[in-house]
Amino acid sequence: MKHTTAHRTDPSPRSYLFRFVSRLLICSTLILALSVALKSRSRLSLLLPHFSTKVETMAYQQERFIAELAVQRACLLTQKVFFEKAKGTVSKDDKSPVTIGDFGAQALIISAIRKNFPNDEIVAEEEASSLREDKDLSAEIWRLVKDIKLDDEESDNILGGPLASEQSMLDIIDNGNSAGGASGRIWALDPIDGTKGFLRGGQYAVCLGLMVDGDVKVGAIGTPNLPVDDAASLDASTGAQQAATTANGVLFSAVLGEGATSRPLTSSTLAASKPISMRPVSNISDAVFCEGVEAAHSAQGDNAAVAQLLGITAPSVRLDSQAKYCSIARGAGDIYLRLPVKKDYQEKIWDHAAGDLLVREAGGQVTDIYGNRLDFSKGRTLAANKGVVASPKAHQDAVVGAVKSVLKL
Ligand SMILES: Nc1ncnc2c1ncn2[C@@H]1O[C@H](COP(=O)(O)O)[C@@H](OP(=O)(O)O)[C@H]1O
Ligand SMILES: [Mg+2]
Ligand SMILES: [Mg+2]
Ligand SMILES: [Mg+2]
């Protein structure tokens, strides 16, 4: 019996060989399958060169959605104030104006960012110290803010619903005090860009951008007074009279590598979007150029001299705010010039982050007067840049060349 048992459990040299060969076969099949999988993956990325970047940028779809929805809700507040005679205007330390619309829009947008991306930093233009000293103004803003909501309850809840109290509104406004910089996720917020235009009855924009490690990845801009029609001429976009018509109000957005879009502003969920792009300009002398209304913000004489050097005979079209970036991005104009008035002025990141991305994603180029890309990694200002020049990519060298010649750089 002993002998028989030993014979059964001890495998013969033949069965050793059989096991060895079958394991070898399994291993080589696995190796073969793995290499086929790897090969087909690399073939896929050869066929779709944007495959890996797409996967990466898809990550910003939620940020884009929240940014658009938050800007759309804030525009409900700014539009309400726009049509009121008294806008609760106060003068800031630098003598520039700020209104209840600026404070209210900042509170609503920061609250939406806090709800959805609690760990992100925010660089926003306004702060609440003056409101803490002026109880009446603070109460007026709270009366406005607490009633603003999107018609669609679910969308409003995505943004966190109503703010909790007047006190928390002030704290939320002061959440925009990040120093900015080159690392991490930082939102740049201008609750009303073009406050002077807003007060004058002209163009203004609610602007929000997301920077990751100093690079702008997402931008959303609400322009309640721009015509919805992307094909509307730039001249039809300048004045106050259009503001009262119903065919106004556009929401622009862009994600790095994903293109730029526009859609009508609504009071509820987001409307359907369509892609936008700069128009092709074969001869630069046919280009339409735009600049700011305020002579103190850009050197209109120098802007005109640059246009003249490029052979452009038509006068500039003047609009306040980042509506200029939006307009050229959708082909309602071609060049945006913002040549410096004062040597020591540092442009603010919230005045450019969203617009810069929008124009680049629409096929344009944005640089400073030296031809350098705008650098958003330097803190709250564009400390490494001077002025702004934006035009179709193919013409940017010529436009910057004309700028350098006029400014004798
Ligand atoms: N001296 C100056 N040079 C350039 N920009 C200036 C400026 N003084 C103020 N600004 C900025 O110009 C922005 C408006 O731009 P524009 O002239 O194109 O409409 C203002 O934004 P706010 O209105 O948000 O304060 C403000 O930040
Ligand atoms: Mg301001
Ligand atoms: Mg601004
Ligand atoms: Mg502003």
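Scoring rules and cut-offs
- Residues numbered from 1 in each chain as written.
- Chains lettered and ligands numbered in written order.
- Predicted model: local features only at pLDDT ≥ 70, side-chain atom pairs only at ≥ 80, totals over all residues.
- Heavy atoms only, no water.
- UniProt positions renumbered as here; feature names shortened; annotations may be inferred.
- Near = heavy atom within 4 Å.
- Polar contact = N/O pair within 3.5 Å; in protein donor to acceptor, adjacent residues only side chain to side chain.
- Areas by Shrake-Rupley, 256 points an atom, 1.4 Å probe, with all protein chains shown as cover.
- Helix = DSSP H or I, 4+ residues; strand = E, 2+ residues; numbered from the N terminus.
- Nonpolar A, V, L, I, M, F, W, Y, C, P; charged D, E, K, R; others polar.
- Pairing = 2+ DSSP bridges.
- Contact = heavy atoms within 4.5 Å.
- Axes fitted to C-alpha atoms, helices over the stretch in contact; angles between N-to-C directions.
- 1 Å grid on protein atoms, 1.4 Å probe; cavity = no way out; pocket = protein on both sides within 12 Å on 5 of 7 lines; lining within 4 Å.
- Buried < 20%, exposed > 50% of the residue type's maximum accessible area, 1.4 Å probe, protein only.
- Parallel < 35°, antiparallel > 145°, perpendicular 65-115°, else oblique.
- Left-handed = near helix turned anticlockwise from the far one by under 90°.
- Donors = N, O, S within 2.8 Å, 3.2 Å for Na, K, Ca; no water.
- Salt bridge = Lys/Arg side-chain N within 4 Å of Asp/Glu carboxyl O.
- Core = buried A, V, L, I, M, F, W, Y, C linked by side-chain atoms within 4.5 Å.

- As annotated in an unreviewed UniProt entry, the protein chain is 3'(2'),5'-bisphosphate nucleotidase from Penicillium brevicompactum.
- Of the comments in the UniProt record for the protein chain, the one headed Cofactor (unreviewed entry) reads "Mg(2+)".
- What UniProt states about the protein chain under its Sequence similarities (unreviewed entry) heading is, verbatim, "Belongs to the inositol monophosphatase superfamily."

## Considering the site of ligand 1
Logical step 1: Surrounding ligand 1, one finds 15 residues, the nearest of these being His297, Ser321, Lys324, Arg338 and Asp351.
Logical step 2: In this structure, an oxygen atom belonging to ligand 1 sits 3.0 Å away from a side-chain N or O atom of Glu125.
Logical step 3: Taking Asp351, its side chain carries an N or O atom lying 2.6 Å from an oxygen atom of ligand 1.
Logical step 4: Out of a free accessible area of 570 Å², ligand 1 has 89% covered by protein chains.
Logical step 5: At three residues, the largest contribution of residues to the shell around ligand 1 is made by strand β4 (residues 185-193).
Logical step 6: A breakdown of the residues in the shell around ligand 1 according to their chemical character gives three nonpolar, four polar and eight charged.

## A word on the sheet that holds strand β11 (residues 317-318)
Logical step 1: A sheet is described by the order of its strands in space; here five strands give the open sequence β11-β10-β12-β14-β13, paired in mixed fashion. Strands with a single pairing partner mark the edges of an open sheet, and in this sheet they are β11 and β13 (364-367).
Logical step 2: Packed on one face of the sheet, helix α11 (residues 300-309) meets β10 (289-291), β11 and β12 (335-338) and runs near 170° to β10.

## Quick notes on the UniProt feature "binding site: Mg(2+)" (unreviewed entry) in the protein chain
Logical step 1: UniProt feature "binding site: Mg(2+)" (unreviewed entry): in the numbering of this structure it lies at Glu125, Asp190, Ile192, Asp193 and Asp351. On the basis of their most widely separated C-alpha atoms, the annotated residues across 227 residues gather in one place, lying no more than 9.7 Å apart. Within this annotated set, the largest pocket is lined by Glu125, Asp190, Ile192, Asp193 and Asp351.
Logical step 2: Following the sequence through the fold, Glu125 ends up in the loop between β3 (121-124) and α6 (129-133).
Logical step 3: For Glu125, a relative accessible area of 22% translates into the label partly exposed.
Logical step 4: At 3.0 Å, the side chain of Glu125 forms a polar contact with the side chain of Lys92.

## Things to note about the packing of α11 against helix α14 (residues 396-407)
Logical step 1: Contact geometry for α11 and α14: axes closest at 9 Å, N-to-C directions at 125°. As the angle between them shows, α11 and α14 are arranged oblique. Judged by the sense of rotation from one axis to the other, the crossing of α11 with α14 is right-handed. Counting all contacts with α11, which are made through Asp302, Ala305, Val306 and Leu309, the residues of α14 involved are Val399, Ala402, Val403, Ser405, Val406 and Leu407.
Logical step 2: Of the residues assigned to the contact of α11 with α14, the class counts are eight nonpolar, one polar and one charged.

## Structural notes on the coordination of the magnesium ion (ligand 3)
Around a metal, the perfect tetrahedron of four donors has angles of 109.5 degrees, and the perfect octahedron of six donors has angles of 90 or 180 degrees.
Logical step 1: Within the first shell, the magnesium ion (ligand 3) binds the protein through Asp190 (OD), Asp193 (OD) and Asp351 (OD), at distances of 1.9 to 2.1 Å.
Logical step 2: Expressed as a motif, the donor residue spacing for the magnesium ion (ligand 3) is D-x2-D-x157-D.
Logical step 3: Here the magnesium ion (ligand 3) and the magnesium ion (ligand 2) are spaced 5.2 Å apart. Residue Asp193 is located in strand β4, and its partner Asp351 is located in the loop between β12 and α13 (353-361); the two are separated by 158 residues in the primary sequence. Exposure class is identical for Asp193 and Asp351. Each is buried.

## Description of the packing of helix α7 (residues 135-145) against helix α9 (residues 166-173)
Helix-helix packing is described using two parameters, namely the angle between the two axes and the distance between the axes.
Logical step 1: Here α7 crosses α9 at 95°, and the two axes come no closer than 10 Å. Viewed along their axes, α7 and α9 adopt a mutual orientation that is roughly perpendicular. Each of Lys135, Ser138, Ala139, Ile141, Trp142 and Val145 in α7 lies in contact with α9, whose residues at this interface are Glu166, Met169 and Leu170.
Logical step 2: Across the contact of α7 with α9, the residue classes break down as six nonpolar, one polar and two charged.

## Looking at the sheet that holds strand β6 (residues 215-227)
Logical step 1: If you walk across this open sheet you meet the seven strands as β3-β4-β5-β6-β7-β8-β9, and the pairing is mixed. Pairing within the sheet leaves two strands with one partner each, and these edge strands are β3 and β9 (274-276). Direction aside, neighbouring strands of the sheet carry axes that sit 20° apart on average.
Logical step 2: Sheet topology places β4 next to strand β5 (residues 205-212); seven bridges connect them, and they run antiparallel.

## A few points about the pattern of salt bridges
Logical step 1: Applying the stated criterion across every chain yields a total of 19 salt bridges.
Logical step 2: Between Arg263 and Glu68 there is a salt bridge, with its nearest N and O atoms 3.0 Å apart. With a gap of 195 residues between them, Arg263 in strand β8 (residues 259-264) and Glu68 in helix α4 (residues 61-82) connect regions that are remote in the sequence. Across this residue pair, the class does not change: Arg263 and Glu68 are buried.
Logical step 3: For the salt bridge of Asp334 with Arg279, the shortest nitrogen-to-oxygen distance reads 2.7 Å. Taken together, the residues Asp334 in the loop between α12 (323-329) and β12 and Arg279 in the loop between β9 and β10 connect sequence positions 55 residues apart.
Logical step 4: Overall, the relative accessible area of 33% leaves Arg279 in the partly exposed class.
Logical step 5: Look at the salt bridges and you will find they share partners, linking Glu63, Asp120 and Arg185 into a network.

## Details of the nonpolar core
Logical step 1: By size, the foremost hydrophobic cluster in this structure holds 54 residues, and its most contacted members are Ile109 and Met169.
Logical step 2: Those residues in contact with Met169 that sit more than four places away from it in its chain are Ala107, Ser138, Ile141, Trp142, Val145 and Leu163.
Logical step 3: Residues Ile221, Tyr336, Ala362 and Leu382 belong to the second largest nonpolar core, which totals 40 residues.

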